[in-house]
Amino acid sequence: MSKLRLGVNIDHVATVRNARGEGYPDPVRAAEMALAAGADGVTAHLREDRRHISDADIDALAVICRRRGRPLNFEMAVTAEMEAIALAHKPHAACLVPERREEVTTEGGLDVAGGHNRIAPVVQRLADAGIRVSCFIDADLTQVAASRAAGAAVVELHTGAYCQAVRERSPEATHLLENLKAAASEAHRLGLEVHAGHGIDYETVKAVAAIPEVMELNIGHFLIGEAIFIGLGPAIQRMRALMDEARAPANSAPEFAKSYSK
Ligand code: PXP
């Protein structure tokens, strides 16, 4: 199986910074450390309420990613403001996410099926600017097909429900993992690249990483939390090692080689 890419989401470094209104810890420094520790790319979500990542962070992250030739994955709500920021920076990738101001985190996937007329033109304009567009969706075959119809190149499957079920030792976990596998397989059949993320920790990463169609994981909150105890570099290295174990030849299935090329 091909090597799985790891995007490290550095939003919560900014959460800690913003708690005191100081200039530290600096998410840009965290991004540099993440890349040095084995992350393939940097992921950041500029929320409409700017609760963590700021516009200045995105400016700086775009510069360091470009300088190092590494992908920046810009998570964004489907709004005119975010679209303008994406088009100004032209990051390697944009991931369209649903956003509700009162939510603690991105609690569910984007309703691409219900929002086709609003979402498809945004996908088109971003793609025309050379940005690889993904839709962050629940593991739902209707949403997979709708993402394809909207013109997305990638779907990122929301792993939050599965990861939470594992943490709660819920019997639902098995069924939720099957849904992720089915959605990944269908997306691949439709020609979409498959990513996954949300809520992933050391315990849940291997089952997700073992889904052969998945090409990239985006992981944030757990890694930033773990960094408090063991440091960001070692936390990323441990996650990377677990991902590699899950993709080792013994667990091998078909080859889905595709690599970052921009
Ligand atoms: N992928 C997407 C689209 C997200 O919105 C998030 C959270 O910002 C993540 C991945 C990372 O999730 P977590 O921080 O729970 O690892």
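Residues numbered from 1 in each chain as written. Predicted model: local features only at pLDDT ≥ 70, side-chain atom pairs only at ≥ 80, totals over all residues. Heavy atoms only, no water.

1. A look at the nonpolar core
Stage number 1. Counting 80 residues, the largest nonpolar core has Ile 10, Leu 96, Leu 126, Tyr 162 and Leu 217 as the members making the most contacts within it.
Stage number 2. In this structure Leu 217 touches Leu 4, Arg 5, Leu 6, Gly 7, Ala 196, Ile 200, Val 205, Val 208, Ala 209 and Met 243, once residues within four positions along its chain are discounted. (Core = buried A, V, L, I, M, F, W, Y, C linked by side-chain atoms within 4.5 Å. Buried < 20%, exposed > 50% of the residue type's maximum accessible area, 1.4 Å probe, protein only. Contact = heavy atoms within 4.5 Å.)

2. Digging into the sheet that holds strand S8 (residues 214–219)
Stage number 1. One closed barrel holds the 8 strands; their spatial order is S1-S2-S3-S4-S5-S6-S7-S8, and the pairing between them is parallel. Neighbouring strand axes in the sheet, compared pairwise and without regard to direction, differ in orientation by 25° on average.
Stage number 2. Pairing geometry for strand S3 (residues 72–76) and strand S4 (residues 93–96), over 4 bridges, is parallel. Bridging across to S4, Phe 74 finds its partner in Ala 94. (Pairing = 2+ DSSP bridges. Helix = DSSP H or I, 4+ residues; strand = E, 2+ residues; numbered from the N terminus. Axes fitted to C-alpha atoms, helices over the stretch in contact; angles between N-to-C directions.)

3. What to know about the environment of Ile 224
Stage number 1. Note on placement: Ile 224 falls in helix H10 (residues 221–230).
Stage number 2. Taking relative accessible area as the criterion, Ile 224 reaches 11% and is therefore assigned buried.
Stage number 3. Sequence-wise, Ile 224 and Ile 236 are 12 residues apart; in three dimensions their C-alpha atoms are separated by 9.2 Å.
Stage number 4. Apart from residues lying up to four places away in sequence, Ile 224 is in contact with Asn 9, His 12, Val 13 and Leu 232.

These figures come from the coordinates and say nothing about function on their own.
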